[in-house]
Amino acid sequence: MSTLEQRIKDLSTVIATECKILRTLLNGKMVDLSALNTANKTNLVAAINELKVAVDSVAGGGGASINDALSDSTTSTWSITKIASEITAGLNGVLAGAPAALDTLQELANALNNDANFVGTMTAALSSRVRTDINTQGLTLTQKQNARTNIAAYGADEIGDPDTNFVTTFTAGLV
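Residues numbered from 1 in each chain as written. Predicted model: local features only at pLDDT ≥ 70, side-chain atom pairs only at ≥ 80, totals over all residues. Heavy atoms only, no water.

Asker: Can you break down the packing of aromatic side chains residue by residue, with the values?
Answerer: Enumeration according to the criterion identifies 0 aromatic pairs in this entry. The ring of tryptophan 78 carries the charged tip of lysine 82 above its face, separated from the ring centre by 5.1 Å. (Phe/Tyr/Trp six-rings, centres within 6.5 Å; stacked < 30°, edge-to-face > 60°. Lys NZ or Arg CZ within 6 Å of the ring centre and 35° of its normal.)

In structure tokens:
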């Protein structure tokens, strides 16, 4: 069974990996640019301008025909319905069922309190929690007192040695 820390680290790794992919795509630093159908594959703005020239050329010749069956054409385009469907499918693939409250990078950042070191922060916070799986955690006296106060419990300092033999004490008092 995974620990919460491991699950948070796994989530952070996936988020970071997805962010790297988005950065790579947005910055025009894709490793494999062979799928890009522009002459200029090193600059996103230049590639967009190249595309604009091609679109203007098609528009100047009477416009592009709509053909939802084609996937690679410089003279035809998809219908708005097909384009919207492809965008929706792409978004659904990226979101993978994420709830609406966490389906943007900003919402994820807000949920993590914009903490770039969220895993470290959580690990530090978890490491200062009272554990129940070990006998001694090495807490300071202040930490022990805080833990007892928080759960309304008394410690050995308040109740004394629980192994005290009160029969012996009683018997000694009788003498």
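Asker: Help me get a handle on the environment of isoleucine 83, residues and values and all.
Answerer: Residue position: isoleucine 83 is located in helix H3 (residues 80-95). For the pair isoleucine 83 and aspartate 68, spaced 15 residues apart in the sequence, the C-alpha separation amounts to 8.8 Å. The residues contacting isoleucine 83, other than those within four sequence positions of it, are Thr77 and Trp78. (Helix = DSSP H or I, 4+ residues; strand = E, 2+ residues; numbered from the N terminus. Contact = heavy atoms within 4.5 Å.)

Asker: Run through H3, naming residues and quoting values.
Answerer: Side chains that are three or four residues apart share a direction in an α-helix, a result of its 3.6 residues per turn. In this model H3 runs 22 Å from its N-terminal to its C-terminal C-alpha over 16 residues, within 8% of the 22 Å that 1.5 Å per residue would give. Remark: alanine 96 follows H3 within two positions and exhibits a positive phi of approximately 50 degrees. (Expected span 1.5 Å × (residues − 1).)

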